[in-house]
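Take a look at the letters that make up each chain.
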Amino acid sequence: MASIGKIARRTFLVGSVAIAGGVAFGYYAVKKPHKNPLLDDLANGEAAFNPWVKISSEGVTLITPHTDLGQGAYSMQAALIAEELDIEFGQFDVDPGPPAAAYYNTAIGPEIAPFRSTDESFQANAAREFFGAVGKLTGIQGTGGSSSVPDSFEKLRLAGAVARETLKKAAAEQTGVAIEDLKTANGAVILPDGSELKYTELAATAAEIKPVQNVTLRDPSQWRLVGKPMQRMDIVPKSTGTLTFGIDLEFENMHHATVKVNPRRGPMLSYDASAAEAMRGVKRVLPVTNGVAVIADNTWRAFKAAEAITCDWGPAPYPAEQEDHWNAVANSFTAEHLDNEWRHDGDADAALEAADSVVEAEYRAPYVAHQPLEPIGAVIMVTDARVDIWVGNQFPRFAQQQIADVTGHDVDDIHIYGQYVGGSFGHRLEFENVTLAAEIGNQMRGEIIKLTFSREEDFAQDFPRQITMSRGKGVVGNGKVDTFDLSIASVSASESQFGRIGLSSPGPDGQIAAGAWNMPYAIPNYRMTAYKTHELAPTSSWRSVGASTAGFFADSFLDELIHAAGADPVEERLRLMDHDVSRKVLEAAAEMSNWGSPLGPNRGRGVAFVESFGVPVAEVIEVTMTDAGIKIDKVFIAADVGKIVDPVNFDNQVKGGVVWGLGHAMNCEITYSDGMAQQSNYHAHEGMRLHQCPEIIVRGLENAEKIRGVGEPPVPPAAPALANAIFAATGKRIREMPFNKHIQFV
Amino acid sequence: MRLTVNRATYEVDVEDDMPLLWALRDELKIKGPKYGCGIAQCGACTVHLDGIAVRACSITTKQAEGREITTIEGLGTPDALHAVQEAWVEHQVVQCGYCQPGQIMSAASFLSMHPEPTDEQIDQAMSANLCRCGTYPRIREAVKAAAAKLQGA
Amino acid sequence: MKRHSIIASAVELGFLSIAGVAFSHGSGDDQSKIDLVVNTPTEAVSREEGLSAWDRIYAVASHPRCSNCHVDESNIPMWSGPSYGKTRPHGMNINAGISRIGIESIPCSTCHMQSTVPNDIAHGAPHTGHAWMLAPVEFAWFGKSSAEICEQMSDPARNGGRDGDGLVQHIIHDAEIEAFIVWGFNPGGGREAAPGSMQEHLDDMVLWTAAGMPCPAE
């Protein structure tokens, strides 16, 4: 395992350069299945048929390695296993399992392939297969990129089927009844006479036999769970305060810790903790990387003591003032910053040259924070022999490596217990809480410590979304969009994020262009060019990543061109669309919103379409200009994910994505002054609150061939649909987020 | 100090100005009230003081002494849900769920004062509880459903 | 927690009276003490002196610490001033209702406690020794001019039925219970304080009322 961690570091290369020379070896290594991590600590009489199902005489445990960040991943994974295993909610426990290569993500890899998701050519699919293979080879266990459903959909049903058939085989051995005469239901094998053998009663026998590997998946017409409304297993615990989040963990003799780290992300030059050390309940003040940690007997006492420590902070390794961040981005539209020309259909230069008039516009998207409601933290105990850490993280195997780098343990001896997480939006892809907990634990070996960030510290140490700008040039004629030439300059969130854990990302950053280069439009002259700004403040993946900004730029500019052409925003998008699944999505949103029907005075309707993570999404937004500002009345949204696993959770995720996209586009930015983020708590960065939330009408389509996740794709079209609606209502074109810098909202 | 939480009495030895939230969470190990912001911006820590919602992060333990403190654990249990919790379950409101104890406590207090709320009142009463996942459409539905349940009860 | 104690005494020596108010802030021994002295002028106060005092009163009354809660019948408190960035209605869709204490939807007391402990949490919901509330609607002066507020404050129908002495006593009473005016000069939590001090404000009120409450022209 230790060696796998190291291999992962060497071979996990994001981007196209990794292709060269890797295929042959990769293919060989990919053929070898990873070992089943559950076999390591099975008790007597316990059976684990594959890495996802564990059965003992005590009960059935389904392993759900995708981290549950609130998106319902545990329930979704359990439902897929249970579908084939013939077991019902309430009859099993779930456990995220240990970090293991066997839980490699099959869906993140293929997304790295630089082909439009609508491209089903041999070349495109071969590249996806290759990147998928890299994922398996390196054992990247990850939750992100809306990949949990696509990764799990087949794999986990297979896991359930293997377990079911193996249990039937065990029942046949135990009873002498032929396998063909056995059925399964409700967590039991049913004998021909109608009597039942519970799976738990078969565990001991099943543990002795070789798992059946030759199984076929059921026809969708036989599905009991998939596609039908479910009740997530965490609904009742989360509605009664009985669900334990990581921050709620309690252990005997546990210490409560917090940290105070340089808000400029530079070094700590010196500190004076004398006042803090004298405060009630304070046990230790320890140095950590770029800051200090306080260990106390109560979280609040730790917070108060941290406030009382005076620190001399070194300067920020990036421009101290926000204006200089913008200048750096604005100055990046140059040849030396060229990251990639992602698309060039027709001849944009010639078209612009020949045009009588060119439509031009410039857009901006600021840094935005993640700030899920559960502050980051972890519970840790480091001993000479091992590290035990209780934390929800989206890359648990990278987390192991990060901890190992701090404590010097073998990654095999680092035991991570995944926890329910109170929101992430990309925050739990990062490791600050993990490494700082490890630093504290390492200095207090043998003690169990809960680290909790204060909200202010969480804001100060968050890695916001990329800061980025876009410049568009376009030509229209005869009521049509003729030329769409969009340039985007951005810092690379991926490079910043993976660079922090020592991973290089050669090649261009596809996220800079995500949602902008892959629009399913046959515009005669369509060019999309990405420029990379050197790192400014460190950034990270933020729900929907590049498409949250590039999608705003691209769809907004297209809308401007359509208006310049005097065309209808829906009609012209439909006319340009060259992808059938996408067309149906846009048609659905138009139909739902009764597009074209008259609205009252001071009202406006805007449409946007962005495809991200392989999911085409269209949103129509209706607004009213009131005396107190813009009121968002309704959002109509259609999305095609191929297959909806749970319509209830789908609806909730889509609405949440709309709220996320709108709230931050309207209200939020992170700005730097004196090297520090100026927004320190929710009063200055709240996203959306209930009163601003419109009515949201959702329709899920299932025309796409591949199944996709929906955690992120509803986000990108929200901002442009709102800006386009505000333009329709007021004539004012908003080209910069947050919109409230330019217009008031109710 | 003597605190009465969910009808049980506890002795705590804390500073007068320790926010009630931290006495509940770290001293009494009552984890339903959540820490989200510490400045009454998010409402995740909402508890009832003599039946009325307050932010446990912004009230001192001393101020809560001698008063009836109710946390989400005291409102209802998985086997005996309060009407508001029933509505929350039926409408499957939660996503990450971290804000929901506070949302539910706010809604319960609000509905006890306003059994037949208007949409405008709901929007005013529930906008001081922050949900980062965006469960607001379901919160609105659940508050209305809970009001109907409480009326029927 | 110690209760705050009020020591009131009357002293003469050319002054009408002195109200000395001592405060004990919550826990610990750190006691801050504000002695308010009513410096009754021994000679007549000119209109010019009165107007000049009014200018300083206006600077206090129109300061965000005061005016944010002296709002009109919309019943929506404001967030304005350097602590907030651009002027906006109180976040969270707060509406204090006709009750001016929020009982129509969400009581102010949900977040704003009634307490005399220091307001030392940055951006926290402030509190005072008086229950949090909007000023009565007839005292609305957010965004109004100096002349308008002056007319209001000198009009018993729009100042709580107070004459000059009543306005002075209002400030003294506020100090006794550590209410909103005291807080305005010491808001804590990183908020910008109203200009001047409680004593200077009292002095100005004494001068302005002694001058016959003169108001500036529009």
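Residues numbered from 1 in each chain as written. Chains lettered and ligands numbered in written order. Predicted model: local features only at pLDDT ≥ 70, side-chain atom pairs only at ≥ 80, totals over all residues. Heavy atoms only, no water.

S.K.: Describe the domain arrangement of chain B, listing the residues and the values that go with them.
M.R.: How big an interface is tends to be reported as the loss of accessible area on association of its parts. Residues and elements named next belong to chain B. What the domain assignment lists for chain B is domain 1 (2–75) and domain 2 (83–152). Here the C-alpha centre of domain 2 lies 20 Å away from the C-alpha centre of domain 1. In this complex, domain 1 contributes 18 residues to the contact, which on the side of domain 2 involves 15 residues. Carbon and sulfur atoms supply 61% of the area buried between domain 1 and domain 2, which totals about 1300 Å² over both sides. For the interface between domain 1 and domain 2, the tally reads zero salt bridges. Connecting domain 1 to domain 2 are seven residue pairs in polar contact (both at pLDDT 80 or more). (Domains from an automatic or database assignment. Contact = heavy atoms within 4.5 Å. Buried area = accessible area lost by both parts, 1.4 Å probe. Salt bridge = Lys/Arg side-chain N within 4 Å of Asp/Glu carboxyl O. Polar contact = N/O pair within 3.5 Å; in protein donor to acceptor, adjacent residues only side chain to side chain.)

S.K.: Would you mind going over the interface of chain A and chain C in detail, with residue names and values included?
M.R.: The interface of chain A with chain C comprises nine residues on the first partner and seven residues on the second. Carbon and sulfur atoms make up 43% of the area that chain A and chain C hide from each other, which totals about 660 Å². When the area that chain A buries against chain C is broken down by residue, the three leading residues are H683(A), R689(A) and H691(A), summing to 57%. Our count for the chain A to chain C interface comes out at one salt bridge. Counting across the interface, chain A meets chain C through two residue pairs in polar contact (both at pLDDT 80 or more). When its residues are assigned to classes, the side of chain A that touches chain C shows no nonpolar, five polar and four charged. (Nonpolar A, V, L, I, M, F, W, Y, C, P; charged D, E, K, R; others polar.)

S.K.: Describe the packing of helix α22 (residues 647–667) of chain A against helix α23 (residues 718–730) of chain A, with residues and values.
M.R.: Residue and element names in this part refer to chain A. Look at α22 against α23: their axes get within 8 Å of each other, and the N-to-C directions meet at 60 degrees. Of the possible angle classes, the one that applies to α22 and α23 is oblique. Once α22 is placed against α23, the crossing between them reads as right-handed. For the pair α22 and α23, contact is made by V658, G661, L662, A665 and M666 and by A718, A719 and L722, respectively. Within the contact of α22 with α23, the residues separate by chemical class into seven nonpolar, one polar and no charged. (Axes fitted to C-alpha atoms, helices over the stretch in contact; angles between N-to-C directions. Helix = DSSP H or I, 4+ residues; strand = E, 2+ residues; numbered from the N terminus. Parallel < 35°, antiparallel > 145°, perpendicular 65-115°, else oblique. Left-handed = near helix turned anticlockwise from the far one by under 90°.)

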